Amino acid sequence: MIAYGAASVVCAVVGGVVLLRIVLSLKSLVYCWGRWWRWVDERTQAYQSFEIPRYSESGQENPLYRRAAAYVAALPSLEDAAAATLFSSGRKPNDFFLLLGPGQSAADSFLGDRVSWTNAPAGGAGGPRLVLRLRRQDRTRVLRPYLQHVESVADDLELRRKEVRLFTSYAGVGDGGGPRWRSAPFTHPATLDTVAMDLDLKARVRADLESFLKGRAYYHRVGRVWRRSYLLYGPPGTGKSTFVAAMAKFLCYDIYDVDLSRVSAGGDGVGADLKALLLSTTPRSVILVEDLDRHLKGKGVGEEGESQLTRILNFMDGIFSCCGEERVMVFTMTSDGGGMEGVEPAVLRPGRLDVHIHFPLCDFTAFKTLASSYLGLKDHKLYPQVEEVFQGGARISPAEVGEIMIANRASPSRALKSVISALHQSSSAAGRRLSESGSGRRWDDAAAGSDCGNGGGSGNGGLGFGKESIKEFKKLYGLIKMRSGSKKEGVMPVEVAAAAAAAGAPLDKLDKDNSSH
């Protein structure tokens, strides 16, 4: 029996080795067949080669060589080349790329035809050169479209590898007589994936940005400047500035932060002129103006009698705003109510502000996104309680939620309890303000509306109970219910958590003490 088992094992091993040899032989056979077919094709077809030198006869660098080298470095077939040179960009970890070795070739295909690139050794005045090789019969149909494709892909690769920088203006005059800009590397880690906002809205914004990036030919065809403008509005702490950072990182555009409070009316030396600032920005940039609503309230008048509003409107879409393309202009407005009341309609019209994006206070959907990013939670036993509080109308800013989660990131349960406590406190504060002023004013308006025949109130001018009044009663009832529920749940208040974190006390013990009271 032992001999029979050993023989079986030996037979299995031998069979496996034979099968492996057959598989390897088939792969080798396919490889050899492919090389033989290419050799026959090269001998039976007429090919034409195009050299792309790195330098011209005058010593200037050839832009096409730089783009072609970047394109060839991104070819998947480069990994199969017999020799390649490995480099690191040095800008970020694990950012490696390959370059074609001297005398080596890499294959590519375009419009169904096979083309090849060869890194020819340096010779003559042109220095290193790349050789593009394709069939002679296809050169009329393939050559120009293929080179356009190479330049387009190379520009996109260069844009993605570019270091994004943040520019801000300061007093003084630059080398060319224009405003001075001071820049620094922009290393904000925000991305569109990490921004907490409605998923459908995020998808529409992403699609709009992608369409803008590819829209050069379309904008030129319809006779419009290749420019896009966005308005981000909402209460403080709702993520408007973070979203601007995510947009810039997605587009790989530099950011020019224009502070209108430091801009003069006509270049009188107090600050930079708005027009000069705009002319000194570069293509592929995000021009950011924060707190636009605050600057629109200014009453200043320029040297030529221009009002503050007129100068800002001309900055947004005047003739000077057309000097330069591939720019994204972003304006932010901050208001406690999150609306745009009191803003001139001329400011909000398309052409000046093409896309309006509202950033509300945190709701349950945004809360789940934040919990996933900050705490790594997909679900939790406290989620139903958090959702119930949000459904009761309680709201706080995403910035406040994020700060609570950062402070309690070691204990997700404690973080969620602290968020619930903050929501209860926000609801209580809103209820007090409502009972002191807002609710009485709304009811008075409803009563006045009933006197005017709008309905919803008593006919003798007493207390009216229209739709707004019913909503207020429902809100008050929800606040009372939430406050009573918070006492039963034993949620630790934010002040207790903050004090414990500052003192270094164990917060689990404080949770128990708080629930016992």
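Residues numbered from 1 in each chain as written. Predicted model: local features only at pLDDT ≥ 70, side-chain atom pairs only at ≥ 80, totals over all residues. Heavy atoms only, no water.

As recorded in an unreviewed UniProt entry, the protein goes by (wild Malaysian banana) hypothetical protein and comes from Musa acuminata subsp. malaccensis. Listed under Sequence similarities (unreviewed entry) in UniProt, the entry text for the protein is "Belongs to the AAA ATPase family. BCS1 subfamily." (UniProt positions renumbered as here; feature names shortened; annotations may be inferred.)

*Asks:* Looking at this model, I keep getting lost on the packing of helix H4 (residues 199-213) against helix H6 (residues 240-251). Mind explaining?
*Replies:* Direction vectors running N to C along H4 and H6 enclose 40°, while the axes themselves pass 11 Å from each other. The pairing of H4 with H6 is recorded here as oblique in orientation. In the crossing of H4 with H6, the sense of the turn from one axis to the other is right-handed. Along the contact surface, H4 presents Val205, Arg206, Leu209, Glu210 and Leu213, while H6 presents Phe243, Met247, Phe250 and Leu251. When the residues that make up the contact of H4 with H6 are grouped by side-chain class, the tally is seven nonpolar, no polar and two charged. (Axes fitted to C-alpha atoms, helices over the stretch in contact; angles between N-to-C directions. Helix = DSSP H or I, 4+ residues; strand = E, 2+ residues; numbered from the N terminus. Parallel < 35°, antiparallel > 145°, perpendicular 65-115°, else oblique. Left-handed = near helix turned anticlockwise from the far one by under 90°. Contact = heavy atoms within 4.5 Å. Nonpolar A, V, L, I, M, F, W, Y, C, P; charged D, E, K, R; others polar.)

*Asks:* Would you explain the pattern of salt bridges in this entry?
*Replies:* Oppositely charged side chains are able to pair whenever their charged atoms sit close together. Summed over the entire model, instances satisfying the criterion amount to 13 salt bridges. Arg66 is the salt-bridge partner of Glu158, the closest N and O atoms lying 3.0 Å from each other. Highlighted residues: Glu158 in helix H3 (residues 139-161) and Arg66 in helix H2 (residues 63-73), separated in sequence by 92 residues. You can call Glu158 partly exposed: its relative accessible area is 43%. For Arg66, a relative accessible area of 35% translates into the label partly exposed. Through salt bridges that share partners, Asp113, Arg135, Asp138 and Arg141 make up one connected network. (Salt bridge = Lys/Arg side-chain N within 4 Å of Asp/Glu carboxyl O. Buried < 20%, exposed > 50% of the residue type's maximum accessible area, 1.4 Å probe, protein only.)

*Asks:* Looking at this model, I keep getting lost on the sheet that holds strand S1 (residues 47-53). Mind explaining?
*Replies:* Within a sheet, neighbouring strands are paired by backbone hydrogen bonds and run either parallel or antiparallel to one another. With antiparallel pairing, four strands are arranged side by side in an open sheet as S1-S6-S5-S4. Only two strands of the sheet have a single neighbouring strand rather than two, namely S1 and strand S4 (105-110). Direction aside, neighbouring strands of the sheet carry axes that sit 25° apart on average. Of the strand pairs in this sheet, S1 and strand S6 (residues 129-135) are connected by seven bridges, and their pairing is antiparallel. Each bridged residue has a counterpart across the sheet, and for Gln48 the counterpart in S6 is Leu134. On top of the sheet, H3 reaches S1, S4, strand S5 (113-120) and S6; it is set at about 140° to S6, its chief contact. (Pairing = 2+ DSSP bridges.)

*Asks:* Whenever I open this one, H6 confuses me. Can you help?
*Replies:* With twelve residues, H6 ought to run about 16 Å at 1.5 Å a step, and its terminal C-alpha atoms sit 17 Å apart, in line with that. Of all the twelve residues making up H6, nine are buried; the element is thus mostly covered by neighbouring parts of the structure. For H6, the complete set of buried residues consists of Lys240, Phe243, Val244, Ala245, Ala246, Met247, Ala248, Phe250 and Leu251. Positive phi shows up at Cys252, right after H6, with a value of about 60°. (Expected span 1.5 Å × (residues − 1).)

*Asks:* So what exactly am I meant to see when it comes to the environment of Leu199 here?
*Replies:* Its location among the elements puts Leu199 in helix H4. Sequence-wise, Leu199 and Thr369 are 170 residues apart; in three dimensions their C-alpha atoms are separated by 9.8 Å.

*Asks:* Any chance you could explain the packing of aromatic side chains here in plain terms?
*Replies:* How two aromatic rings sit relative to each other is set out by the distance from centre to centre and by the angle between their planes. Evaluated as defined, the whole model comprises 14 aromatic pairs. Considering the side-chain rings of Phe167 and Tyr256, the 4.6 Å spacing of their centres and the 10° angle between planes classify their relative orientation as stacked. Highlighted residues: Phe167 in strand S7 (residues 165-173) and Tyr256 in strand S10 (residues 254-257), separated in sequence by 89 residues. On the basis of relative accessibility, which here comes to 14%, the residue Phe167 falls in the buried class. (Phe/Tyr/Trp six-rings, centres within 6.5 Å; stacked < 30°, edge-to-face > 60°.)

*Asks:* Would you mind going over the pairing of S4 with me for this structure?
*Replies:* Regular strands place side chains that alternate from one sheet face to the opposite one. Burial along S4 is one-sided: Ala106, Asp108 and Phe110 are buried, while Ser105, Ala107 and Ser109, pointing the other way, are not. Pairing between S4 and S5: six bridges, direction antiparallel. Residue Ala106 lies in a different strand from S5, and its bridge partner there is Trp117. With antiparallel pairing between neighbouring strands as the criterion, S4 and S5 make up a hairpin whose turn holds two residues, including Leu111 at a positive phi of roughly 55°.

*Asks:* It is not clear to me how the pairing of strand S15 (residues 355-358) should be interpreted in this structure. Could you clarify?
*Replies:* Judged by which residues are buried, S15 turns out to be one-sided: Val355 and Ile357 face inward and are buried, whereas His356 and His358, on the alternate face, are not. As judged from the four bridges shared by strand S9 (residues 227-234) and S15, these two strands associate in the parallel manner. The partner of Leu231 across the bridge, within S15, is His356.

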